[in-house]
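Residue strings, one per chain:
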Amino acid sequence: MKRRQFLYAASVGYVSGLAGGAAAVFARSGRTVTQICDDFLDAYIRINPTLVGRVFGIERNNTAINDWSPAGAEKAVQLMQSALAELAATPPISRKEELGAAFLEDTARSILASIEAGEPYRRMSTHIFIGPPALLLSSFGQMSQGEAGDAPLSGQAVDGDWSRILDRLRGVPAAMDGYRQSLQLGMVRKQMAPRSMTLAVAKQCRNWASQNWFRSFAQRYPGGALAKRLSSAADKADQAYGALGEWLATAYAPKASPEDGIGGERYLLYTDLWLGLKGLDLEEAYAWAVEDFRRLETEKTQESNRIRAGAGFEEV
């Protein structure tokens, strides 16, 4: 029985008659929806550790960095397809598993749709949850830096924290190179980010590099056996950001899309990916938002006048 047929049967109270058959399926396969979901989470964090581990609050490996290269996108495609195939062949055996299967299916399909639309190859943002340079740099601030409040740490414990930072620092140049490879593929495919956002990210990267952000971060290390290695890795990370910023400004931006924003078609991909809203009517949504904005502005004026006659909002 297909998964959707099973869900329908369960929804009309027919599931009790299927319990024996479902149990037989699981006895043969040895897999449940719960196991599929758990394994998916582990695998997704492995290929997307910098963002997913942080958003989900699960740190499987806090030295790893996302693979933003085309190969990384292909790994994601394979994972989503594998998860969907397993779900299609595995009926859930409880209400919890029904919900888990439906959520995972929606998630996998929305991620696949975004990759198929070329989003990894024109990903460009200054935001720490979307733009790879901003996300990677900000991730260092989330790492333990040999501090434990008022309780002093041993030198060994401090070096343990900083050795993990060193591992991540060493991965910065390759991560940014992989990101550039994806943008280069987007250029070939004529799937380009907006020029205005490209220049903003280029400026961001150049500023961090000129300010020696990674070197300054590494200088927080209190001193010891890792000092030289941290300094060397940090300098290479700063150089990688500087090179990326230069490439974005001089090679990518001139060919980037002159249109600001991402357009309605791509916007719908993200409303599905981030909010789970499929088929959102953008005209209706924005009309509601504008109307609500005007309502709030009217209320502000009325309340300000009630507090002090003739006074504006800023005065009040």
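Given the structure is predicted, the values throughout are model-derived calculations rather than measurements.

What counts and how
Residues numbered from 1 in each chain as written. Predicted model: local features only at pLDDT ≥ 70, side-chain atom pairs only at ≥ 80, totals over all residues. Heavy atoms only, no water. Helix = DSSP H or I, 4+ residues; strand = E, 2+ residues; numbered from the N terminus. Buried < 20%, exposed > 50% of the residue type's maximum accessible area, 1.4 Å probe, protein only. Contact = heavy atoms within 4.5 Å. Areas by Shrake-Rupley, 256 points an atom, 1.4 Å probe, with all protein chains shown as cover. Polar contact = N/O pair within 3.5 Å; in protein donor to acceptor, adjacent residues only side chain to side chain. Axes fitted to C-alpha atoms, helices over the stretch in contact; angles between N-to-C directions. Parallel < 35°, antiparallel > 145°, perpendicular 65-115°, else oblique. Left-handed = near helix turned anticlockwise from the far one by under 90°. Nonpolar A, V, L, I, M, F, W, Y, C, P; charged D, E, K, R; others polar.

(A) Broad picture of the overall build of the protein. Helix and strand counts for the protein stand at 13 helices and zero strands. Sequence-ordered secondary structure for the protein, helices as α and strands as β, is α-α-α-α-α-α-α-α-α-α-α-α-α. A total of 316 residues make up the protein; the buried ones form 40% of that total. A sequence separation of at least 24 residues applies to 76% of the contacts in the protein between residues at least 6 apart. Counting every atom, the protein has about 17,600 Å² of accessible surface; 53% of that belongs to carbon and sulfur.

(B) Spotlight on the side chain of arginine 266. Note that arginine 266 resides in helix α12 (residues 264-275). With relative accessibility at 10%, the residue arginine 266 sits in the buried group. At 2.8 Å, the side chain of arginine 266 forms a polar contact with the side chain of glutamate 119. Beyond its immediate sequence surroundings of up to four residues, arginine 266 is in contact with Glu119 and Arg122.

(C) Examining the packing of helix α9 (residues 195-210) against helix α11 (residues 227-252) more closely. Across the interface, α9 lies against α11 with an axial gap of 8 Å and an inter-helix angle of 150°. Classified by the angle between their axes, α9 and α11 sit roughly antiparallel to one another. As α9 packs across α11, the resulting crossing turns out to be left-handed. Across the interface between the two elements, Thr198, Leu199, Val201, Ala202, Cys205, Arg206, Trp208 and Ala209 of α9 pack against Asp238, Tyr241, Gly242, Leu244, Gly245, Glu246, Leu248, Ala249, Thr250 and Tyr252 of α11. In the contact of α9 with α11, the residues fall into 11 nonpolar, four polar and three charged.

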